[in-house]
Amino acid sequence: MSSASSFENSGLSSASAGVCTLSLEQAIEYLRGSDLSLRVYAAWWLGRFRIDDIRAVAALSEALADEDDRTVAGGYPLRRSAARALGKLGNQSAVSALMSSLGCSDFHVREAAAQSLGILGAQESIAKLTELLKNEVAGTEASLEEPELIQPYDAVLEALGALGASAAVPVIETFLQHPVERVQYAAARALYQLSETASAARQYGDFLIQALSHQKLQLRRAALADLGAIGYLPAAGAIASALAENSLKLIALKGLLEKQLEQSEGDFLCEESVKVMQMMDALL
Amino acid sequence: MDQDPQVSTLIQAVEQANSPLAMLTAVRSLAAVRHPDAIPTLIEVLGFNNPGAAVTAVEGLAALGSDAVLPLLKQLDDHNYGARAWAIRALADIGDPRALAVLLDAATADFALSVRRAAARGLGNLTWTQLPEAEIPEAQVHAVTALLQATHDSEWIVRYAAVAGLQMLAQKLSPAQGDRRKVIQQRLEQLLADDPVASIQARSQLALSKLG
């Protein structure tokens, strides 16, 4: 699930090109160097500017096994950055190193690895992701912030949905009753994507519409992100009137609109699309 | 200045609200009286990081129309982009051309994308007839120029708002501005063909269909 706190960035990406001062060679040198803060920065930088170069992928994959950068609680900050960056580079040669990271003791490394494997479309990771969901991977520790999360379930569910892992449906269904609501939403999102027919998918979309009226803003935001990701058209009205930031509602409606545009093949002005655009106009 | 006693009570209720829901209810009641005395408090609410209350306050300010314009312009918060976005949104809804300079600047130069987005829509929604007739052509050229620039923004949502703004503006251009209208249509056709975001392409086509 994408973090809702970062949706409002400065938007200065073109003007702030000053950040883009590293070269590929320099970044790799930093990444393999001894200065921990430069190593983390180089990993972030390679991801941020999507430097898809085989040398970058190799250096980041090595960083997934780093032992030098440890937090007091035992976390691996550099591994987390590297795992996130590898998803952004979109290079398939990162898949096997990321799959090994699914067994890392650090919850956030597993979370980033699951997200990146989903983005990379790594079908071969489905079995390992499913094991994680069943909590069958030894040596993995729970989230420090939310101890009831033994695994990064929302990230894993999201990846399985994106990967079309229909064999995992029975396991995923059990997460609709998970005590953490965010995880329930992620399960609904995945089950929507894995449903064989539109009518079977509808219950999961409707479940997420219900979530839009949850008392907690954080959960309404999560539901908005999930509905946008699946592009569930019947949610349009509920999204437009949800109590949340217009920025997030607009992103969700964009997800619906683009799903609709995809399905109407080149007809940009079908009735449904125009309706969604009118709702977006009213939120600007 | 003496305040209307009923409005004073409602203002107090906003000041004393101790939960997001209580705040929302209090702001709703204050906005509903549509009294100019409510304006400073409604503007303050924009900075409370309570989206529900802010939406209600914006609606209240918009309903008060031209009375709210100068206070909104004066109280624009340089340090809180959330509050600034809501204030620009209120100004955009009201459509009073006294906000033109602020909207031009906000649409093209504000660092916060939610501010640029709201300002772009605002430039499309101005009621030009409130300006002296002699000033309209030049003011409209400024608005067109700023919106065309905003269609090059790096954020999709600002480009989306700029397209919506251009559509609204083109429909209101004075007949003497035929060449501006043409420039707008050309830019929309470009976006339809080239923008990397499908939503922008679709919105550009919708705008073109409205401009016929």
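Further up the page is the structure itself.
Keep in mind that what you see is a predicted model, and the values were worked out from it rather than measured. (Residues numbered from 1 in each chain as written. Chains lettered and ligands numbered in written order. Predicted model: local features only at pLDDT ≥ 70, side-chain atom pairs only at ≥ 80, totals over all residues. Heavy atoms only, no water.)

(A) Geometry of the overall build of chain A. Looking only at helices and strands, one finds 15 helices and zero strands in chain A. On C-alpha atoms alone, chain A measures out to a radius of gyration of 20 Å, which is about the 19 Å that the 2.2 N^0.38 rule sets for 284 residues. Dimensions of chain A, computed from C-alpha atoms along their principal axes, come out at roughly 55 × 45 × 35 Å. Once local pairs closer than 6 in sequence are excluded, the contacts in chain A between residues at least 24 apart make up 62%. As displayed, chain A offers around 12,500 Å² of accessible surface, 52% of which is attributable to carbon and sulfur atoms. Across chain A, the centroid of the 23 positively charged side chains sits 2 Å from that of the 35 negatively charged ones. (Helix = DSSP H or I, 4+ residues; strand = E, 2+ residues; numbered from the N terminus. Rg over C-alpha atoms; globule rule 2.2 N^0.38 Å. Contact = heavy atoms within 4.5 Å. Areas by Shrake-Rupley, 256 points an atom, 1.4 Å probe, with all protein chains shown as cover. Lys, Arg positive; Asp, Glu negative; His and termini not counted. Charge placed at Lys NZ, Arg CZ, Asp CG, Glu CD.)

(B) Structural context of the overall build of chain B. Along its length, chain B carries 12 helices and zero strands. In chain B, the succession of α and β elements from N to C terminus is α-α-α-α-α-α-α-α-α-α-α-α. By sequence separation, contacts in chain B at least 24 residues apart represent 63% of the contacts at least 6 residues apart. If you sum the accessible surface of chain B, you get close to 9,300 Å²; carbon and sulfur atoms cover 51% of it.

(C) View of the interface of chain A and chain B. Chain A puts 26 residues into the contact, and the matching count from chain B is 31 residues. With both sides pooled, the region where chain A packs onto chain B buries about 2,400 Å², and carbon together with sulfur makes up 62% of that total. Linking chain A with chain B are one salt bridge, by the criterion used here. Across the pair Arg203 of chain B and Asp281 of chain A runs a salt bridge whose closest N-O atoms are separated by 2.7 Å. Along the contact surface separating chain A from chain B lie eight residue pairs in polar contact (both at pLDDT 80 or more). By residue number, the principal contributor to the side of chain A that touches chain B is helix H14 (residues 246-263) of chain A, which donates eight residues. Tallied by class, residues from the side of chain A that touches chain B come to 15 nonpolar, six polar and five charged. (Buried area = accessible area lost by both parts, 1.4 Å probe. Salt bridge = Lys/Arg side-chain N within 4 Å of Asp/Glu carboxyl O. Polar contact = N/O pair within 3.5 Å; in protein donor to acceptor, adjacent residues only side chain to side chain. Nonpolar A, V, L, I, M, F, W, Y, C, P; charged D, E, K, R; others polar.)

(D) Inspection of a positive patch on the surface at higher detail. All names here are of chain A. The grouping of Arg48, Arg50, Arg84 and Lys88 at the surface amounts to a positive patch. With respect to the helices and strands, Arg84 occurs in helix H4 (residues 77-89). Residue classification places Arg84 among the partly exposed positions, given a relative accessible area of 43%. (Patch = residues over 30% accessible without salt bridge, like charges linked within 9 Å, V, L, I, M, F, W, Y side chains within 5 Å. Buried < 20%, exposed > 50% of the residue type's maximum accessible area, 1.4 Å probe, protein only.)

(E) Spotlight on the nonpolar core. Grouped together as the largest cluster of nonpolar side chains are 173 residues, with contacts concentrated most on Ile172 of chain A together with Leu72 and Leu123 of chain B. For this core, the leading source of residues is helix H10 (residues 156-172) of chain B, giving 11 residues. The contacts of Ile172 of chain A, once residues within four sequence positions are left out, are Leu133, Leu157, Leu160, Ala187, Ala190, Leu191 and Leu194 of chain A. (Core = buried A, V, L, I, M, F, W, Y, C linked by side-chain atoms within 4.5 Å.)

(F) Structural context of helix H12 (residues 217-230) of chain A. Residue and element names in this part refer to chain A. The end-to-end C-alpha distance of H12, which contains 14 residues, comes to 20 Å, matching closely the 20 Å that a straight helix rising 1.5 Å per residue would cover. Within H12 the residues assigned to the buried category are Leu219, Arg220, Arg221, Ala222, Ala223, Leu224, Asp226, Leu227, Gly228 and Ile230. On its buried side, H12 packs onto helix H10 (181-194), helix H11 (198-211), helix H13 (236-241) and H14. Downstream of H12 by a residue or two, Gly231 has a phi angle that is positive, lying close to 65°. (Expected span 1.5 Å × (residues − 1).)

(G) Quick peek at the side chain of Arg221 of chain A. Mapped onto the elements, Arg221 of chain A comes out in helix H12. For Arg221 of chain A, a relative accessible area of 17% gives the class buried.

(H) Quick look at the packing of helix H9 (residues 136-150) of chain B against helix H11 (residues 178-194) of chain B. Residues and elements named next belong to chain B. Orientation of H9 relative to H11, taken along the N-to-C sense of each, is 10°, at an axis distance of 11 Å. The orientation of H9 relative to H11 falls into the category roughly parallel. Seen from H9, the contacting residues are Val141, Val144 and Leu148; seen from H11, they are Arg180, Val183, Ile184 and Arg187. Here the residues of the contact of H9 with H11 are counted per class, giving five nonpolar, no polar and two charged. (Axes fitted to C-alpha atoms, helices over the stretch in contact; angles between N-to-C directions. Parallel < 35°, antiparallel > 145°, perpendicular 65-115°, else oblique.)

(I) Local environment of the packing of aromatic side chains. Residue and element names in this part refer to chain B. In the structure shown here, the tally under the stated rule is seven aromatic pairs over all chains. A ring pair is formed by Tyr81 and Phe111, whose centres lie 5.7 Å apart and whose planes are at 90°; its orientation type is edge-to-face. Of this pair, Tyr81 sits in helix H6 (residues 81-94) while Phe111 sits in the loop between helix H7 (100-109) and helix H8 (113-124), and the two are 30 residues apart along the sequence. Judged by its relative accessible area of 40%, Phe111 is partly exposed. Look at Trp156 and Tyr160: their rings are 6.3 Å apart centre to centre, the planes differ by 80°, and that puts the pair in the edge-to-face class. With Trp156 and Tyr160 both in helix H10 and four residues apart, this pair spans about one turn of that helix. (Phe/Tyr/Trp six-rings, centres within 6.5 Å; stacked < 30°, edge-to-face > 60°.)

(J) Representation of the pattern of salt bridges. Going through the model one piece at a time under the given rule, you end up with 21 salt bridges over all chains. Ionic pairing is found between Asp110 of chain B and Arg84 of chain B, a salt bridge with its closest N-O pair at 2.8 Å. Highlighted residues: Asp110 of chain B in the loop between H7 and H8 and Arg84 of chain B in helix H6, separated in sequence by 26 residues. Each member of the salt-bridge network shares a partner with another, and the members are Glu25, Asp53 and Arg55 of chain A.

(K) Expanded view of the environment of Ser204 of chain B. Residues and elements named next belong to chain B. Along the chain, the position of Ser204 falls in helix H12 (residues 198-211). Since its relative accessible area comes to 0%, Ser204 is described here as buried. Along the primary structure Ser204 and Val163 are separated by 41 residues, whereas in three dimensions their C-alpha atoms are 6.2 Å apart. With sequence-adjacent residues up to four places away left out, Ser204 is seen in contact with Val163, Leu188, Leu191 and Leu192. Here the side chain of Ser204 touches Ile200 through a polar contact of 2.8 Å, landing on its backbone oxygen.

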